[in-house]
Amino acid sequence: MEMAMNKTKESSFRMHPQKFAMWLFIVTVVMLFAALTSAYVVKQSSGVWLDFDLPFMFDITTGIVIVSSVFMHMAYLSAKRNEVSKIRIYLLLTVLTGISFLVGQLIAWQELVQEGVFFVGNPAGSFVYVLSGVHGFHLLSGVVFLLIVAVAAFKYKVHSTSLVRIEMCATYWHFLGGLWLYLYLFLTLNH
Amino acid sequence: MAVTEVQLDEHVEHAAHDDHEHHGNFVTNYIFSQDHKVIGKQFLIAGIFWAIIGGGLSIIFRLQLGFPDMNLEWLRPLLGGWITESGKIDTEFYLALVTMHGTIMVFFVLTAGLSGTFSNFLIPLQIGARDMASGFMNMLSFWFFMLSSVIMFISLFISTGPAAGGWTIYPPLSALPQAISGSGLGMTLWLVSMVFFIASQLLGGINYISTIINLRTKGMSFTKMPLTIWAFFLTAILGLLSFPVLVAAALLLVFDRSFGTSFYLSDIFIGGEALPNSGGSPILFQHLFWFLGHPEVYIIIMPALGITSEIISTNSRKPIFGYRAMIGSLMGIGILSFVVWAHHMFVTGMSPFLGSIFMILTLIIAVPSAIKSFNYITTLWQGNIRFTSAMLFSIGLVSLFISGGVTGIFLGNSALDIFLHDTYFVVAHFHLVMGSSAFFGMVAGIYHWYPKMFGRMMDEKLGYIHFWLTFIGVYLVFFPLHYIGIAGFPRRYYSFTNFDAFSDFADLNMFVSVAAICTFGAQFIFLFNFFYSMYRGKKASLNPWDSNTLEWTTPREPGHGNWPGEIPTVYRWPYDYSKPGSESDFIPQTVPYTNTPESNLPHEAEEAKNEKV
Amino acid sequence: MLNFVILVSVILIGAILVTIFRAHTLVQVVRGNKDGESLGKSNKVNAALFLVFLIGGIVLFFGYSYTQFDRYTVPVASEHGEVTFKLFWITTAVTTAAFILTHIVLFWFAYRYQHKAGNTAKFYPHNDKLELIWTVVPAIVLALLIFDGFRAWVKITDQAPDNAEVIEIMGYQYAWASRYPGADGKLGPYDYKLIDFENQMGVDFTNQFSKDDFIPREIHIPKGKPVLFKIRARDVIHSVYVPHFRLQMNAVPGMPTQFWFVPTKSTADMAEETGNPDFTYELVCNKICGKGHFAMRATIVVDEPAEYEKWKASQKSWLSKNPEYLSSLQPASPVVTEAAKEEIEEAQASL
């Protein structure tokens, strides 16, 4: 039986099935945002379009998201090197930066409201809320994932021979960071 | 998209102790089962349930169309207030009926019922895997579908009625309860239900793809995979890429409906007041919707085409003609399906230049479809054909696919579409090419794999009767609709009595309705056969159709883990039927080339030298 | 009572059928029927039935198509309609040929190559040449059809000629309204916020171009002259569909569309051609729009050009028919916009 399993494993593709599933999930998220951003482009090219400044806060949150990705990577490296206490610290730092990103987005929304750009109104404004909101929702799920990994780290379950979880978490987190960079650039350029 | 955190169970550990049976309790074995075979059957039963509901709805509106003067008072116990005082169907409820018929058939029967059943059931069995990559995700996929089903079912019974703006839910009609009462709570439930449905599809699709890529048995290279698996694989990819777009479309619609944003709404005066929305575009929704919607019709038909390839080859006792061309055309259809969506929108006032681009792309997609049909026909040539019930339905599928396919050439031509758009011609077209074909594929699959699902055979004689009644019935229902369409009759009309131009064809409409009722009735023969054979059918042999694929190497009723011992190794493609030199007219995939020196082709003899058995 | 009888008889018939089926199965078991034999016999029957189906189907198809031709063909009454009508029948000829030939081959093969004991199927996995042929041939045929369709489409959707009669058509639940530019040949602007009980189309009658616009009860168009429909909708999507003109264009709220064409047959001509003295052109809605969708209709009258000019001259402008409208508007209009503004602000505040 063991032999059979080994044989089966030998013959197939070498990616861990869970990680592979994670990548497929990322594909669906990419498609979701591809749809939303192309809707934005289509709408912008046809019709009444409101011009306004993007909140300054978006520049700051973009910075935060980059720092957060760096922390995530440090956590991953420490896991590889089996530095248990460092894993915990970096993971917590990632969570903290993640949460501050979300808070930052909320502040950005407030900035928009003060500017007179509301969720209900011209689609130009609504799109900014929707894009950042849907991204924020995914980021929130990323934070939950991070917390799960962090709890595992406190139970000594994350180390160099058990990397799958933290690898998946890192992949997702970097993806979400990259996604925000894309959205930020997209909004800045198509304005 | 709501589901981000899905904890995968550890597949590898899980599979390592497969040969001792799992003795769970009833709940874990039959309800919250993680076994792909049980989940496949659950999808099948749910699909059959929805097919009866969806078919039943169509019978009700066919009564209205065929017998506009009939007193339908006797439906009052069922429909209650939707029957007016004069014994007629309420005009708004009529629209709800067509909407729900479309939604149920497209999503719940032909997507979940067909793809869900056979992808789940066949993928691990045909590629030689113990189970899906993640049994838990698979179970979740079914239960999200179930939740979505329950919500959609409830929406049929609310007082304002279910969604009634057409299954394509174009705003503003679907966004404004003032415009049609079904756009109130009914539409909300529709959207909620679809969110769960999409979650279910994505979970399923992720699972199918990762199973096919990661868990093939030794020797099962991509070029040795049965065409069923290729079809399921490409279908899952299409779903993964297109369903998120529907999420985006629905999300913006939800915001428009519930929060007052203006993505799709602009310049509307309704119910005596001007709405504040401005700057939106209803056409934007149509673009997003059809970006899913068009691949969706291929999500429906491709599994059926895969199933048919397998059945036609087995029962002609011949290899499928042009195995690579079959894969290539599936891929071609899959890729092209993403760049043709705007042919649903030729008359929305979109730029004529875009119209011509989409016309050209649309007609290109006819080429791979034609290749598939020709290849099926050539597979029959010089075969030794056994007409099992499954084979009959597969030949029926080819016929329907051609009949419905050729009318696509009219509709894809934007100049002709100006006249034919949204007429009964369209109804005839897609009911043949996508509705009936996919349905035939599903039924063929059930007849063919029933012995593996339930360990017993279905009654063949009843199968023949079921086929001939259904085949003739389907043609009698949908073929006349072409004439009605060419006469310019618009679809989704409650009755045609208000127009001089549409005063004719009452006789043909009545004929279609009678045919529809008979065809629907004939399906009960199938239902009887299905449930009766489950308990009283003849016990199946291990390989009743003398087929080559891996699922027939499992025990009569495969247990958890599918194969009691080692998973068999694959040495050859699945279509070695009637190979010259071979004693038997089929050589299963598990037979090495070294064992069949008498029938090996030159390049296979080469391969035999490198085989380690 | 009748219902009950029907119910009981359906149940009884079902029960009888099930009994027959069971008896039949038992007889087979007793006889010790061998699978192979029964396959042989029913195989023959099924194979033969495919031939019967083929012949029956072809007879029905051609029979009905030929004898009922006049019933299902809508007479064409526009210039571009003639083009698409021809294109339609060319496409029909090509596709019917493909449809019939493939079906003859499909069912003939099914019959001819049915299972026979001792026969072996031919191992024939592929033939690249054959596959290339049936990739290229459909591609060429399709390319030709596309080419024709493309030319027709480009012409139909081209800019309307300058001398076209401009008529505005507006769809709303569940009727059509039309507006003519009047003597100045220009339609005045409109705004959906101006719509009220009197001013159903939301025309801005303070504008000078609107002063002579008229809104008739029936749409008239001249025979032989280009006509441009400017199409819009007030509430949900509708679709302007006139089968005789081969004309269809969606009416979308917030996004005006248009369609131009040249009618070639007057209403009187059509009455003669169809032998129906009461013939009228009907403009129908062809996009699901609500419970009255199936009854959303307007009539179009195609006049000889001279008659048309006469009819047009006889129409009174909307303002002259509703003289008190403008005076009632002056004080009211700012209030309306004020209220709208407040509403928007409220909505924003509530968020």
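Residues numbered from 1 in each chain as written. Chains lettered and ligands numbered in written order. Predicted model: local features only at pLDDT ≥ 70, side-chain atom pairs only at ≥ 80, totals over all residues. Heavy atoms only, no water.

Asks: Before we move on, can you summarise the pattern of salt bridges with the specific residues and values?
Replies: Residue and element names in this part refer to chain A. Per the stated rule, a full pass over the model turns up 26 salt bridges over all chains. A salt bridge links Glu167 to Lys19; the nearest nitrogen and oxygen atoms lie 2.4 Å apart. Of the two residues, Glu167 sits in helix α6 (residues 164-189) while Lys19 sits in helix α2 (residues 17-45), which places them 148 residues apart along the sequence. Relative accessible area serves as the criterion here: at 22%, Lys19 is assigned to the partly exposed category. (Salt bridge = Lys/Arg side-chain N within 4 Å of Asp/Glu carboxyl O. Helix = DSSP H or I, 4+ residues; strand = E, 2+ residues; numbered from the N terminus. Buried < 20%, exposed > 50% of the residue type's maximum accessible area, 1.4 Å probe, protein only.)

Asks: Give a description of the interface of chain C and chain B that names residues and reports values.
Replies: At the junction of the two partners, chain C supplies 104 residues and chain B supplies 122 residues. Surface buried jointly by chain C and chain B totals about 10100 Å² across both partners, of which 70% is contributed by carbon and sulfur atoms. Together, Phe123(C), Trp153(C) and Phe294(C) form the three largest contributors to the area buried by chain C at its contact with chain B, with a combined 9%. Viewed at the interface, chain B and chain C are joined by four salt bridges. Taking the shortest distance from any N to any O, the salt bridge between Asp500(B) and Arg297(C) comes out at 3.9 Å. Of the residues belonging to the side of chain C that touches chain B, the class tally is 56 nonpolar, 32 polar and 16 charged. (Contact = heavy atoms within 4.5 Å. Buried area = accessible area lost by both parts, 1.4 Å probe. Nonpolar A, V, L, I, M, F, W, Y, C, P; charged D, E, K, R; others polar.)

Asks: Can you break down the domain arrangement of chain C residue by residue, with the values?
Replies: How big an interface is tends to be reported as the loss of accessible area on association of its parts. Residues and elements named next belong to chain C. Split by domain assignment, chain C resolves into domain 1 (37-78 + 98-114) and domain 2 (165-326). Taking only C-alpha atoms, the centre of domain 1 and the centre of domain 2 are 46 Å apart. With five residues of domain 1 at the contact, the number on the domain 2 side is 13 residues. Both faces considered, domain 1 and domain 2 share a buried interface measuring about 710 Å² in area, 56% of it formed by carbon and sulfur atoms. (Domains from an automatic or database assignment.)

Asks: How would you explain the sheet that holds strand β1 (residues 165-172) of chain C if you had to name every residue and give the values?
Replies: All names here are of chain C. Taken together, four strands build an open sheet; the order of strands is β2-β1-β4-β7 and the sheet is mixed. Among the strands making up the open sheet, the edge pair consists of β2 (175-179) and β7 (257-261). Strand-to-strand, the axes of this sheet are offset by a mean angle of 25°, without reference to chain direction. Examined bridge by bridge, β1 and β2 share five bridges and lie antiparallel to one another. (Pairing = 2+ DSSP bridges. Axes fitted to C-alpha atoms, helices over the stretch in contact; angles between N-to-C directions.)

Asks: Let's hear about the UniProt feature "transmembrane region" (unreviewed entry) in chain A: which residues, and what values?
Replies: Residues and elements named next belong to chain A. Summarizing the sequence annotation, UniProt attributes the feature "transmembrane region" (unreviewed entry) to residues 20-42, 54-77, 89-109, 129-154 and 166-187 in the numbering used throughout. Across residues 20-42, helical content stands at 100% and strand content at 0%; the span's end C-alpha atoms are separated by 33 Å. Regarding residues 129-154, the helix share stands at 100% and the strand share at 0%, and the terminal C-alpha atoms are separated by 36 Å. (UniProt positions renumbered as here; feature names shortened; annotations may be inferred.)

Asks: Lay out the UniProt feature "domain: Cytochrome oxidase subunit II copper A binding" (unreviewed entry) in chain C with the relevant residues and their values.
Replies: With numbering aligned to this structure, UniProt lists the feature "domain: Cytochrome oxidase subunit II copper A binding" (unreviewed entry) at residues 162-314 of chain C. Along residues 162-314 of chain C one finds 12% helix and 33% strand; the C-alpha atoms at either end are 24 Å apart.

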